[in-house]
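Below, each chain spelled out in residue letters.
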Amino acid sequence: MLLQVLGTAAGGGLPQWNCACPGCAGARAHPHRRRRHASLAVRVADHRWYVVNAGPDLTDQIEAAPALHPGPGLRDTPVVGVVLTDAELDHTLGIARLREARTGVEVWATPPVRHALLNGLRLGDVLGPYTPLEWRELGPDPQPLGDAIELSALPISAKRPRYAHELPPPPGARDDLSWAVALLLHEPSTGARAVYAPALAAWPDALQKAVEDADCVLVDGTFWDDDEPVRTGISPRTATAMGHLPIDGPDGTAHRLTGIRGRCLYTHLNNTNPLTDPDAAEHTRLTALGLEVAAERMVIEL
Ligand code: MLT
Ligand code: MN
Ligand code: ZN
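Small disclaimer: the values here were computed from a predicted structure and weren't measured.

Calculation criteria
Residues numbered from 1 in each chain as written. Chains lettered and ligands numbered in written order. Predicted model: local features only at pLDDT ≥ 70, side-chain atom pairs only at ≥ 80, totals over all residues. Heavy atoms only, no water. Helix = DSSP H or I, 4+ residues; strand = E, 2+ residues; numbered from the N terminus. Rg over C-alpha atoms; globule rule 2.2 N^0.38 Å. Buried < 20%, exposed > 50% of the residue type's maximum accessible area, 1.4 Å probe, protein only. Areas by Shrake-Rupley, 256 points an atom, 1.4 Å probe, with all protein chains shown as cover. Near = heavy atom within 4 Å. Polar contact = N/O pair within 3.5 Å; in protein donor to acceptor, adjacent residues only side chain to side chain. Nonpolar A, V, L, I, M, F, W, Y, C, P; charged D, E, K, R; others polar. Pairing = 2+ DSSP bridges. Right-handed = clockwise from strand over helix to strand, strands pointing away. Axes fitted to C-alpha atoms, helices over the stretch in contact; angles between N-to-C directions. Contact = heavy atoms within 4.5 Å. Donors = N, O, S within 2.8 Å, 3.2 Å for Na, K, Ca; no water. Arc of directions from axis to C-beta.

Asks: Could you clarify how one ought to interpret the overall build of the protein in this entry?
Replies: Helix and strand counts for the protein stand at nine helices and 14 strands. For the protein, whose C-alpha radius of gyration is 18 Å, the value lies close to the compact-globule estimate of 19 Å for 302 residues. Taken along the three principal axes of its C-alpha coordinates, the protein extends 50 × 45 × 40 Å. The buried share among the 302 residues of the protein stands at 52%. Carbon together with sulfur atoms contributes 53% to the accessible area of the protein, which is approximately 13,300 Å² in total.

Asks: Sorry if this is basic, but what is going on with the site of ligand 1 here?
Replies: Close to ligand 1 lie E88, D90, K159, R162, M242, H244 and H268, which account for all nearby residues. Within the side chain of D90, one N or O atom sits 2.8 Å away from an oxygen atom of ligand 1. Within the side chain of H244, a nitrogen or oxygen atom sits 2.7 Å from an oxygen atom of ligand 1. A class-by-class count of the residues in the shell around ligand 1 yields one nonpolar, two polar and four charged.

Asks: Just checking my understanding: could you explain the pairing of strand β3 (residues 48-52) for this structure?
Replies: Each regular strand displays side chains that alternate between the two surfaces of the sheet. In terms of residue burial, β3 counts as a mostly covered element, since four of its five residues are buried. With five bridges joining them, strand β2 (residues 39-45) and β3 adopt antiparallel strand pairing. Each bridged residue has a counterpart across the sheet, and for A41 the counterpart in β3 is V51. Taking the residues that link successive antiparallel strands as the turn, the β2-β3 hairpin has two residues, and the phi of H47 there is positive, at about 60 degrees. After leaving β3, the chain enters helix α2 (residues 58-63) and then returns to the sheet as strand β4 (residues 79-83), a path that is right-handed.

Asks: It is not clear to me how the sheet that holds β2 should be interpreted in this structure. Could you clarify?
Replies: Strand pairs in the sheet, formed through backbone hydrogen bonds, run parallel or antiparallel to each other. The seven strands lie next to each other as β6-β5-β4-β3-β2-β1-β14, forming an open sheet whose pairing is mixed. In this open sheet, the two edge strands, each paired with only one partner strand, are β6 (133-137) and β14 (299-301). Each neighbouring strand pair of the sheet contributes to a mean axis angle of 25 degrees, computed without reference to strand direction. Sheet analysis places strand β1 (residues 2-7) next to β2, joined by four bridges and oriented antiparallel. Note on β2: the bridge partner recorded for V5 is L40. Relative to the sheet, helix α4 (residues 111-120) contacts β5 (105-109) and β6, its axis offset from that of β6 by approximately 160 degrees.

Asks: Sorry, what's going on with the coordination of the zinc ion (ligand 3) here?
Replies: Any two of four tetrahedral donors ideally make an angle of 109.5 degrees at the metal, while pairs among six octahedral donors ideally make 90 or 180 degrees. Taken together, the protein ligands of the zinc ion (ligand 3) are C19 (SG), C21 (SG) and C24 (SG), with distances of 2.2 to 2.3 Å. Every donor residue of the zinc ion (ligand 3) comes from the same chain, spaced as C-x1-C-x2-C. You'll find C19 and C21 in the same group, each marked buried.

Asks: What should I look at first to understand helix α6 (residues 205-213) in this one?
Replies: Residues spaced three or four apart along an α-helix face the same direction, because each turn holds 3.6 residues. Among all positions of α6, only L207, Q208, A210 and V211 are buried. Down the axis of α6, the buried set is contained in an arc of 165 degrees. They therefore lie on one face. Counted as exposed and oriented over 90 degrees from the buried face of α6: D205 and K209.

Asks: Sorry if this is basic, but what is going on with the coordination of the manganese ion (ligand 2) here?
Replies: At 2.1 to 2.3 Å from the manganese ion (ligand 2) lie its protein donor atoms, namely D90 (OD) and H268 (NE2). You can see D90 sitting in helix α3 (residues 89-92) and its partner H268 sitting in the loop between β12 (263-267) and α9 (282-288), a full 178 residues away along the chain. Neither residue differs from the other here; D90 and H268 are each classed as buried.

Asks: Would you take a moment to explain unusual backbone geometry for this structure?
Replies: Across residues other than glycine, the phi torsion is negative in most instances, and most of the peptide bonds are trans. Across the junction of L14 and P15, the peptide omega takes the value 0 degrees, indicating a cis bond. Position of P15 among the secondary structure elements: in the loop between β1 and α1 (22-29). For R122, which is not glycine, the phi dihedral falls at a positive 55 degrees. Along the chain, R122 turns up in the loop between α4 and α5 (123-127). In this model, H268 sits at a positive phi of 60 degrees, which is unusual for a non-glycine residue.

And the structure:
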């Protein structure tokens, strides 16, 4: 299985345009600390890739990843489509950046996520005159993604994006835990397994099993500890209340991931997270637990 990290920051990126926090100032002073919005490319066949979550930086991220460059034909692209873990703006605005697509944009999403994009963002109405959105339903049963990969989604939470808070549910649909999912990627030919979960409001037992089975997990590293958003002044709500289990602490994800067999990488780092500073002491703590922070543009071969 071949994965290409396209970005590792939470909404706003690093630096965020209107933020002078130490993390953002540090990234302005030291460009190698910059992080684009969290996104991952998955190779599903020779010269065919899906992008998992489409952030506002998507087209720059494609330019920074030679495997995703177009050719040999004038408008041939190896980017086949987009898979979504949720409907948050930092994971979906990039779909609009694909409006030049010649034959439509394939989008894999759970029913509530599709509903939010069509009826909250009205992405179908906006993009329709440019290129059609071709919807594929993402669910708990494994489905083929290209030739090489099987994809399934593990329901995590009912946390809606803010723009969809008041959106009436679609007729007949349940308002379920698939507003945010963890993606399970399996390559039957090699047995390789990966988990991608940048928005973890909860840690269901099924997720614990999936991370224990995986060769690599890329998970929500938005906040180091629960109090970080309050302490740094960006929000009156704790990390958990914002839908992101923190890394550290009794309800943190680090202790659940310590000792798992596979490689564990944190992604979707908020600009307030001390891990955005490569010299922070928190890196030593993480390394001691055998856990890592995903690097921009890293390639993971499983
Ligand atoms: C999140 O990760 O919780 C969302 O992206 C929040 C936001 O951007 O409003
Ligand atoms: Mn986010
Ligand atoms: Zn900042």
